[in-house]
Amino acid sequence: MLRSVFAKTAYDQRRSLLGWVAAIVLLVLMYAGIWPSIRDQPSMSDFLNTMPEAFRSLFASSGADMSTPVGYIQIEFMSFIGPTLVIVYAVAQGSRAVAGEEDRRTMDLLLAEPVSRSRLLLEKATAMVAGTVVLTATLGLALVVEGQLFDMVIPVDRIGAAMLHLALLGLVFGAIALAIGAVTGDVGLSRAVPAGIAVVGYLVNGLGPMVSWLEPLQRYSPFFQYIGHDPLRTGVSGPAAAVAAATVLVLVALAVVGFRRRDVHG
Amino acid sequence: MTGTSIVRTHGLTKHYGATVALRDLDLEVERGEVFGYLGPNGAGKTTTLRLLMGLLRPTSGAAEVDGLDAWHDSVEVRRRVGYLSGEPALYPKLTGAQHVDFLGHLRGTDGRLAAKRFAERLDLDLGRPSRELSKGNRQKLALVLALMSLPDLLVLDEPTGGLDPLAQQEFQAIVRETTGEGRSVLLSSHVLSEVQRVADRVGVLREGRLIAVDRLATLRERSLHHIRATFADAVEPLTFAGVPGVRDLQVHDHSMSCSAPETALDAVIKEVGRHTVLDFECAEAELEETFLAYYEKEAVHAP
Ligand SMILES: Nc1ncnc2c1ncn2[C@@H]1O[C@H](COP(=O)(O)OP(=O)(O)O)[C@@H](O)[C@H]1O
Ligand SMILES: [Mg+2]
């Protein structure tokens, strides 16, 4: 069970991950459960259309239509709650990986053993990826299965595509937390910086279409890679996925380099 | 070349920003010896040991363990070393046995049997989560984790802090067996009494400088004692001033006080015995005082 740093990290997560999975299953059940009444109330879409454009742009994606399952899930789930959940989870894991271990002073225990710092960090990063995959896979499965129960049918491949982009979004922020923690050893900073970048990235992506000076920045927002191409409707975007994956890899590489060079906090 | 030293540092220096925690340390620990690394709090002991473990990067100079660079070949160094941190932290939810299992896997050697034996000797229950253990028992567990791989070198930062007297005795026996098997031990402490039963040699660190390295036996001979005596009659100062090694002598008609190293005690007491004694006191001085008395000047005058 405790055969490696990866296994130990996964083992430590088992209870909290179970909690996250249960919460997601219930949350999706709730969203699916109210779908029939939303669908039968066309005024919802009209209501949405009367909202200011900036507001619609922030909380709903382009041309989403509340009267279809895809539009409903897009607006109600994928534009805010879903990313928030996955980002919070991944940032917590990324921050815990190195900075958290130092903060609890157990890093001396790990690094008393003949395990290189790179290896330790890579195993922790792998555990973060695995946890995020479990979380988004659960979410996708819940959307498919619980959607069926309430006639909220979205093509499985589109859900899969959206989950892939959602997982990558979470991992970008998790990798920022991991890298800041690995370079500085500071838990607070390793949470605050990705949180700040997430807020800015969210606003830039949401307001970009309306604010002319923000528009050129929009495509640099991780949220643009996540949802700009509307994955629930159009499926996987290779370039967007590649940009996100490359961002994660670069951040993990920076984390390794930074962690190898510095003093470990005792 | 590995030579005879298991640990060797050259001009090892560590700054934390403006604080100089360690300057120009040249330290050697020989194979098969127990080296007591002494110094008051803040002297730089923990800094030295963490530099050896590759947890800190030297500002300048280098440290070698078994001929390997402590920073660049840290993984290989750690394969040879068992380390007890100065303020050991454990995983609160894991039991002792789970710690043994996990860290054994990281090292790639099964330490379970050895850990079980050490735990029995120290009277430690490996079955309980570490958060339920008392401070002393957590210290024992951390010690067991450092010992269990039977490494070539044990690096122990203040190992007996928090241990009860019985466990301290057992710990000393374990340390002696370790060197009996040809392995080496480097242990730090801020009190001489903690290392004097086990150390072969002692180094003393003060404000980041190594001010003395001596065989323990030599150190003992030099260990300063405070003597105070009250007599029935007035005494002549000159009678005590003539005893070699006596210092800080003060004589006020019926009473005398002075300091003397252990080697001078016999002569002082014989001198005292020539008078009628009303009261007599003799106590060992703090380590720090002994060092200030004998080594500080040497260190200052050293080139
Ligand atoms: N991480 C750190 N940052 C700044 N100063 C430190 C740090 N660690 C230790 N020091 C300082 O370095 C000096 C040596 O500390 P340390 O090696 O812990 O001494 P010891 O173990 O002998 O008590 C002390 O003055 C201490 O305050
Ligand atoms: Mg210390």
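Note that the structure is a prediction, hence the values are computed from the model and not measured.

Colleague: Can you walk me through the site of ligand 1 in this structure?
Modeller: All names here are of chain B. Taken together, the residues surrounding ligand 1 are Y16, A21, P40, N41, G42, A43, G44, K45, T46 and T47. At a separation of 2.7 Å, an oxygen atom of ligand 1 approaches a polar side-chain atom of T46. Summarising the interface, the protein chains cover 59% of the accessible area of ligand 1, which totals 560 Å² for the free molecule. The dominant element in the shell around ligand 1, judged by the number of residues it contributes, is helix α1 (residues 45-52), at three residues. For the shell around ligand 1, a count of residues per class yields four nonpolar, five polar and one charged.

Colleague: Explain the pairing of strand β9 (residues 184-189) of chain B to me, please; I cannot follow it from the model alone.
Modeller: A regular strand places its side chains on the two faces of the sheet in alternate fashion. Residue and element names in this part refer to chain B. For β9, a buried count of six out of six residues is recorded, marking the element as mostly surrounded by other parts of the structure. Residue alternation in β9 divides its side chains into two sets, S184, L186 and S188 and V185, L187 and S189, and both sets are buried. Relative to β9, strand β4 (residues 34-38) is paired through five bridges, and the arrangement is parallel. Among the inter-strand pairings, G36 is bridged to a residue of β9, identified as L187.

Colleague: Just checking my understanding: could you explain the pattern of salt bridges for this structure?
Modeller: Once the charged atoms of two side chains with opposite charge are near each other, the side chains can pair. Residues and elements named next belong to chain B. One pass over the structure, following the stated rule, counts 28 salt bridges over all chains. With a shortest N-O distance of 3.9 Å, E120 and K116 are connected by a salt bridge. Taken together, the residues E120 and K116, both in helix α4 (residues 112-121) and four residues apart, mark about one turn of the helix. Given a relative accessible area of 55%, E120 falls into the exposed group. Overall, the relative accessible area of 48% leaves K116 in the partly exposed class. Residues participating in the shared-partner salt-bridge network are R31, D66, E76, R79 and R80.

Colleague: Explanation requested: the sheet that holds strand β15 (residues 277-284) of chain B in the structure shown.
Modeller: Within a beta sheet, neighbouring strands are joined by backbone hydrogen bonds and run either parallel or antiparallel to one another. Residues and elements named next belong to chain B. What the four strands build is an open sheet, ordered β13-β14-β12-β15; its pairing is antiparallel. Two strands close off the open sheet at either side, each with one partner strand: β13 (247-252) and β15. Within the sheet, the average angular offset between the axes of one strand and its neighbour, ignoring direction, is 15 degrees. Where strand β12 (residues 224-231) meets β15, seven bridges bridge the pair, whose relative direction is antiparallel. Bridged to H226 within β15 is A283. With respect to the sheet, helix α10 (residues 265-272) is in contact with β12, β14 (255-261) and β15, its orientation differing from that of β12 by roughly 5 degrees.

Colleague: I would appreciate a short explanation of the UniProt feature "transmembrane region" (unreviewed entry) in chain A in the present structure.
Modeller: UniProt marks residues 17-38, 71-92, 127-150, 162-183, 195-214 and 240-259 of chain A with the feature "transmembrane region" (unreviewed entry), using the numbering shown here. With 100% helix and 0% strand, the stretch residues 240-259 of chain A has end C-alpha atoms that lie 29 Å from each other.

Colleague: Please clarify how a positive patch on the surface should be interpreted in this entry.
Modeller: Side chains of A:R14, A:R15, A:R96, A:R104, A:R191, B:K93 and B:R131 sit close together on the surface and give a patch of like positive charge. Here B:R131 lies in the loop between α4 and α5 (135-147). On the basis of relative accessibility, which here comes to 51%, the residue B:R131 falls in the exposed class.

Colleague: How should I be thinking about the interface of chain B and chain A in this particular structure?
Modeller: Often, the extent of an interface is quoted as the loss of accessible area on bringing the components together. With 29 residues of chain B in contact, the opposing surface of chain A contributes 27 residues. The junction of chain B with chain A conceals about 2700 Å² of combined surface from both sides, 55% of it contributed by carbon and sulfur atoms. Sorting the residues of chain B by area buried against chain A places B:R78, B:Y91 and B:L106 first, and these three jointly supply 23% of that buried surface. Between chain B and chain A we count three salt bridges in total. Among the ionic pairs, A:D263 bridges to B:K14, the shortest N-O distance being 2.7 Å. Our enumeration of links across chain B and chain A arrives at 18 residue pairs in polar contact (both at pLDDT 80 or more). Of all the elements in the fold, those that place two or more residues in the side of chain B that touches chain A are α2 (74-80), β7 (81-84) and α3 (96-107) of chain B.

Colleague: Looking at this structure, how should I read the UniProt feature "domain: ABC transporter" (unreviewed entry) in chain B?
Modeller: Mapped onto the present numbering, the UniProt feature "domain: ABC transporter" (unreviewed entry) falls on residues 7-232 of chain B. Counted over residues 7-232 of chain B, helix gives 34% and strand 31%. Its end C-alpha atoms are 56 Å apart.

Colleague: What is the right way to look at the nonpolar core in this model?
Modeller: Soluble globular proteins tend to pack their nonpolar side chains together in the buried interior. The biggest cluster of nonpolar side chains holds 146 residues, and the ones touching the most others in it are A:I73, A:M78, A:L121, A:F259, B:Y37, B:L156 and B:L187. Sort the elements by how many residues they give to this core and helix α8 (residues 156-184) of chain A lands first, with 16 residues. Sequence-distant contacts of A:M78, that is, excluding residues within four places in its chain, are made with A:I73, A:P83, A:A162, A:M163, A:L166, A:Y226, A:I227 and A:L232.

Colleague: How should I be thinking about α4(B) in this particular structure?
Modeller: Structurally, the α-helix is built with 3.6 residues per turn, so residues lying three or four positions apart point the same way. Residues and elements named next belong to chain B. Within α4 the residues assigned to the buried category are A114, A115, F118 and A119. Buried residues of α4, seen end-on, are gathered within an arc of 130 degrees and therefore sit on one face of the element. Turned more than 90 degrees off the buried face of α4, the exposed positions are R112, L113 and E120. Summarising the contacts, the buried residues of α4 are in contact with α3, α5 and α6 (165-180). Count one or two residues on from α4 and you reach D123, which has phi positive near 60 degrees.

Colleague: Help me out: how do you make sense of helix α13 (residues 238-261) of chain A in this one?
Modeller: Residues and elements named next belong to chain A. The end-to-end C-alpha distance of α13 is 35 Å, a good match for the 34 Å that 24 residues give at a rise of 1.5 Å each. Buried-residue contacts for α13 involve α5 (81-103), α6 (107-110), α7 (117-149), α8 and α11 (222-227). At the N-terminal end of α13, a side-chain oxygen is found 3.1 Å from the backbone nitrogen of A240, two or three residues along, and the residue is S237.

Colleague: Whenever I open this one, the packing of aromatic side chains confuses me. Can you help?
Modeller: The way to describe two aromatic rings as a pair is by their centre distance and the angle between their planes. Residues and elements named next belong to chain A. A full pass over the atoms with the stated rule returns eight aromatic pairs over all chains. Judged by centre distance (5.3 Å) and plane angle (85 degrees), the ring pair of Y31 and F77 falls under edge-to-face. Of this pair, Y31 sits in helix α1 (residues 5-39) while F77 is found in helix α4 (residues 69-78), placing the two residues 46 residues apart along the sequence. Across the pair, F77 and Y31 agree in class, each one buried. On the basis of an interplanar angle of 75 degrees and a centroid distance of 5.7 Å, the ring pair of F80 and Y202 is categorised as edge-to-face. Of this pair, F80 sits in the loop between α4 and α5 while Y202 sits in helix α9 (residues 187-207); the two residues are 122 residues apart in sequence, bridging distant segments of the chain.

Cut-offs used in this document
- Residues numbered from 1 in each chain as written.
- Chains lettered and ligands numbered in written order.
- Predicted model: local features only at pLDDT ≥ 70, side-chain atom pairs only at ≥ 80, totals over all residues.
- Heavy atoms only, no water.
- Near = heavy atom within 4 Å.
- Polar contact = N/O pair within 3.5 Å; in protein donor to acceptor, adjacent residues only side chain to side chain.
- Areas by Shrake-Rupley, 256 points an atom, 1.4 Å probe, with all protein chains shown as cover.
- Helix = DSSP H or I, 4+ residues; strand = E, 2+ residues; numbered from the N terminus.
- Nonpolar A, V, L, I, M, F, W, Y, C, P; charged D, E, K, R; others polar.
- Buried < 20%, exposed > 50% of the residue type's maximum accessible area, 1.4 Å probe, protein only.
- Pairing = 2+ DSSP bridges.
- Salt bridge = Lys/Arg side-chain N within 4 Å of Asp/Glu carboxyl O.
- Axes fitted to C-alpha atoms, helices over the stretch in contact; angles between N-to-C directions.
- Contact = heavy atoms within 4.5 Å.
- UniProt positions renumbered as here; feature names shortened; annotations may be inferred.
- Patch = residues over 30% accessible without salt bridge, like charges linked within 9 Å, V, L, I, M, F, W, Y side chains within 5 Å.
- Lys, Arg positive; Asp, Glu negative; His and termini not counted.
- Charge placed at Lys NZ, Arg CZ, Asp CG, Glu CD.
- Buried area = accessible area lost by both parts, 1.4 Å probe.
- Core = buried A, V, L, I, M, F, W, Y, C linked by side-chain atoms within 4.5 Å.
- Arc of directions from axis to C-beta.
- Expected span 1.5 Å × (residues − 1).
- Phe/Tyr/Trp six-rings, centres within 6.5 Å; stacked < 30°, edge-to-face > 60°.

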